[in-house]
Every structure is written in structure tokens, then in C-alpha cells.
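In case you want the letters, here they are:
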Amino acid sequence: METKETHLENLSEIRSLMERSSRFISLSGLSGIFAGFFALLGVVVAYRYLDLNITAAAYYKSAISENGMLNSTVLLFFFKDAVCVLMASLFTIGFLTRRNSRLKNVKIWDATAKRLLINLMLPLVAGGIFCLTLIAHGCIALIAPSTLIFYGLALLNASKYTFNDIRYLGVLEILLGLLASQFIDYGLLFWAAGFGVLHIIYGTSMYLKYEK
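In this text, all values refer to a predicted model and were calculated from it rather than measured experimentally.

Cut-offs and rules
Residues numbered from 1 in each chain as written. Predicted model: local features only at pLDDT ≥ 70, side-chain atom pairs only at ≥ 80, totals over all residues. Heavy atoms only, no water. Patch = residues over 30% accessible without salt bridge, like charges linked within 9 Å, V, L, I, M, F, W, Y side chains within 5 Å. Areas by Shrake-Rupley, 256 points an atom, 1.4 Å probe, with all protein chains shown as cover. Salt bridge = Lys/Arg side-chain N within 4 Å of Asp/Glu carboxyl O. Helix = DSSP H or I, 4+ residues; strand = E, 2+ residues; numbered from the N terminus. Buried < 20%, exposed > 50% of the residue type's maximum accessible area, 1.4 Å probe, protein only. Axes fitted to C-alpha atoms, helices over the stretch in contact; angles between N-to-C directions. Parallel < 35°, antiparallel > 145°, perpendicular 65-115°, else oblique. Contact = heavy atoms within 4.5 Å. Nonpolar A, V, L, I, M, F, W, Y, C, P; charged D, E, K, R; others polar.

Another point: a nonpolar patch on the surface. Together, Leu 76, Phe 79, Val 83, Leu 86, Met 87 and Leu 90 make up an exposed nonpolar region whose accessible area comes to about 580 Å². Here Val 83 shows up in helix α4 (residues 72–104).

This is the structure we're talking about:
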């Protein structure tokens, strides 16, 4: 009886080690919360800059001038706003991930982390190129849905190398992006919901589940 229990414990430990070595487990739930906060802040700044009401119906119109040509000033603002949100999020994610890896005494950069990054970046790069194509053709209103969909695909693609919870976040991002494609005048609100609210909910759930 003791031998059987010992074997079961050994098998459980081996399985735990295999899962640990095949998944990147240093991601911090707090990083999701901060990323969501930065995204919401970026949307608030955009509303302030463009002087939009809460319906965001003027979002699409403000990106295009009266003669139908792209408003380069507004596009440049959106680009700067998005870059600031991205840089703040990446810095925070990097800092908290490094901190989490030290607390768990695991490597932050190994073969699993490389696979995670590659699988995450492929859909993101494809989505970035697609969004540039949309800009070139003047389809500004489809950028918000496209970023949500490609981001969701990236999370799905990378989920097998980290926590399974990210898969659910990816599915929600895709569904939200598809919904946003049907209500293109509300792109900013959907963007805030996807990159802001969902990230905060996901980050809080991850923190309570794995770090609390």
C-alpha cells in the first residue's frame, strides 16, 4: 500500500515538473491590471483630445477630414497615444514578470519563454501589417475591431505555453472584436472594454488564483 502511494506521489511530482518546464509561469496578474488601467487612461486621453461625447460616434468622423482624406494630425495623435500605452504596459509587465520569476525561483528566459513569445508575436505582427493596410485604404473604423481580433488570436496561439486562463481571455477578445465590427462608430469604447476592462478582470482573477 505504501509503495503504491509512493509511486503515485512520484508520478504527481514528475507531472508537476513537466508542466512547470513546458509552461511559462512567471506572468503576474498585476501586470494585466496595470495594462488595463493604462489602456483606459489612453482612451480617456483620446476622448479629451478629440472632445468626444460618450457615444464615440464622432470617433470615425474625426479621423477623416471634410474632403474625405485622412486627417494626419488625428492619426498621429492616436499613434502617439497607443505607443505610450504600449510602452507603459510593456515596462510594467517586464518589471512584474521579472519580480514574479525571482519569487518563484524560475528562469524568466528559457526555451518555453521563446516559444511563447514567437507564438504571441506572429498574429500580432500580422495584425499590425493588416492595420497599416486599413489605414492606407482609409478604413480607420475597422482598426479597433481588427486589433481586438488579432490580439485575441495571439493570446489563443500562445496560451499552450502559459496559463490556460489566457485562452479564455483570447476568446473574449475575439468575440468583442467581432461585435465591434458591427458597431464601428463605437470603436473606442470597444477598445476600452477589450484592452482595459477585460485585462483588469483577467489580471484580478489571475492574481487571486495564483498569487494571493
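Turning our attention to the pattern of salt bridges. Scanning the entire structure with this criterion turns up 1 salt bridge. One salt bridge in this structure joins Lys 209 and Asp 165, with 3.2 Å as the shortest N-O distance. Within this pair, whereas Lys 209 is found in helix α8 (residues 187–211), its partner Asp 165 is found in helix α7 (residues 165–180), the two being separated by 44 residues in sequence. We classify Lys 209 as exposed; its relative accessible area is 53%. For Asp 165, a relative accessible area of 14% gives the class buried.

Any two packed helices are characterised by how steeply their axes cross, that is the angle between the axes, and by the distance between the axes. Remark: helix α6 (residues 143–158) packs on α8, axes separated minimally by 8 Å, with the N-to-C direction vectors making an angle of 25°. In terms of their interaxial angle, α6 and α8 are classed as roughly parallel. From α6, Ala 144, Thr 147, Leu 148 and Tyr 151 reach across to α8, where they touch Gly 187, Phe 190, Trp 191, Gly 194, Phe 195 and His 199. Of the residues belonging to the contact of α6 with α8, the class tally is 6 nonpolar, 4 polar and no charged.

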